[in-house]
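Architecture and fold: a report
Next come the chains, spelled out residue by residue.
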Amino acid sequence: MDLSYTPEEEDFRARLREWLAKALPGLPPKPKPEDWPGRRAYDLGWQRTLYDAGYADVHWDASPTTRLIFLEETEKAGAPYVGANFVGLLHAGPTIAAEGSEAQRTRWLAPILRGDEVWCQGFSEPDAGSDLAALRTRAWRDGDDYVVSGSKIWTSHAEVADWCELLVRTDPEAPRHRGISWLAMPMDAPGITVRPLRTLAGSHEFAEVFLDEVRVPVANRVGAENDGWRVTMVTLSFERGTAFVGEVVACRRVLGDLARVACENGTWDDPELRRRLGRLNAEFRALWRLTQWNVSEAEGRGVPGVGGSVFKLRYSHARQELYDAAAAVLGPDALDLDRPWVLDRLSSLSYTIAAGTSQIQRNIVAERILGLPKGR
């Protein structure tokens, strides 16, 4: 498989680098982590800047390789992360682009690209654990609407979202994977209660969402009724396949910074630490190559394949190992929340759970890649 870039792709990279060098110095100061209205405005403002410059459509209208170059270069340049736009740009938007009707693509894609609307993800539920198919939020037909009742947890950016990509059970009698539908729910609909959750790092970008007979138009269903599990697999393939690209670049940069700090504070003299950093360097280089392989596969398929689960499984653990190594370099300063990498270490603990637990990823790899039988 050829993992090199074409002259046209390298030209795109050069033009993007030049534009970033001009655009980034003019950005306003980044809001504080707890200022969610400010963070929403900041993130949407950056997305509008990308839109006006012609770079907003890379997440679904460009080739996977162009998307990879974009994420790599924006991260290297220190450009703002997608932030509150995360679900819309990397999950809901690509799913609607791949599975939605023409009317749905017209209604939702342009506002996401322009930075007009924020989406959140309503997948996980309190009683389902890591078994997404065990969801119990119910939706029943009433004319042209679904009436939805239930609850969701770990709903990313719910407190500032305009829309929610929502999984509901539309046929409780069907086998559990076949009775699910994928809905776009307006977050200002009557009957929605959002309760923010505080994380270990002190932030609250997640929330509980309670739904009490919320009416969602049937026209907001993406895919056929009860075909939501298949649509969800498309969503998760994007989440596990390409959504972490920028973070791999960031981790490689952190690794270089760690080596420099270790040389400055004397911890580099520890041979065990040097071995850890060397192994992590090889790990992240391999993950970058795996990312390129997954992107090459997506060029032909249109969506990332199950290789995204291999990537997500290994990346989750490598990220934790990276920030454990950062704690070793920092020593006692690893307890200072104002030091670089300390909050990152706390947030890294969630990566083996978020976007599908490591146990779920191992099952996917075993069954869909290795062809092993399902466990009993």
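A brief report on the enclosed structure follows. (Residues numbered from 1 in each chain as written. Predicted model: local features only at pLDDT ≥ 70, side-chain atom pairs only at ≥ 80, totals over all residues. Heavy atoms only, no water.)

A word on the overall build of the protein chain
The helix and strand inventory of the protein chain stands at 11 helices and eight strands. Each of the 376 residues in the protein chain was classed as buried or not, and the buried ones make up 52%. A sequence separation of at least 24 residues applies to 73% of the contacts in the protein chain between residues at least 6 apart. Carbon and sulfur atoms provide 52% of the accessible area of the protein chain, an area that totals close to 17400 Å². (Helix = DSSP H or I, 4+ residues; strand = E, 2+ residues; numbered from the N terminus. Buried < 20%, exposed > 50% of the residue type's maximum accessible area, 1.4 Å probe, protein only. Contact = heavy atoms within 4.5 Å. Areas by Shrake-Rupley, 256 points an atom, 1.4 Å probe, with all protein chains shown as cover.)

Digging into the packing of aromatic side chains
Under the definition given, this model contains eight aromatic pairs. An angle of 35° between the planes, with centres 6.3 Å apart, marks the rings of Y81 and F86 as tilted. Residue class for F86 comes out buried when judged on its relative accessible area of 15%. On the basis of an interplanar angle of 25° and a centroid distance of 6.0 Å, the ring pair of W119 and W163 is categorised as stacked. Here the residue W119 occupies a position in strand 1 (residues 119-122), and W163 occupies one in strand 4 (residues 163-169), the gap between them amounting to 44 residues. Note on accessibility: W119 and W163 belong to one class, buried. One aromatic cluster in this structure is built from F12, W19, W46 and Y55. Its guanidinium or amino end placed over the ring of W36, R39 lies 3.9 Å from that ring's centre, counting from NZ or CZ. Its guanidinium or amino end placed over the ring of Y146, R141 lies 5.6 Å from that ring's centre, counting from NZ or CZ. (Phe/Tyr/Trp six-rings, centres within 6.5 Å; stacked < 30°, edge-to-face > 60°. Lys NZ or Arg CZ within 6 Å of the ring centre and 35° of its normal.)

Some thoughts on the pattern of salt bridges
A full pass over the atoms with the stated rule returns 26 salt bridges. One salt bridge in this structure joins E18 and K22, with 3.6 Å as the shortest N-O distance. With E18 and K22 both in helix 1 (residues 7-23) and four residues apart, this pair spans about one turn of that helix. A salt bridge links D142 to R215, with the shortest nitrogen-to-oxygen separation between them at 2.8 Å. Of this pair, D142 sits in strand 2 (residues 138-142) while R215 sits in strand 7 (residues 206-217), placing them 73 residues apart in sequence. Linked by salt bridges that have partners in common, E10, R13, R17, E72, E73 and K76 make up one network. (Salt bridge = Lys/Arg side-chain N within 4 Å of Asp/Glu carboxyl O.)

Structural notes on the environment of Y51
Positionally, Y51 belongs in helix 2 (residues 36-53). Relative accessible area serves as the criterion here: at 35%, Y51 is assigned to the partly exposed category. In this structure Y51 touches A56, L113 and R114, once residues within four positions along its chain are discounted.

The values are spatial; any link to function lies outside them.
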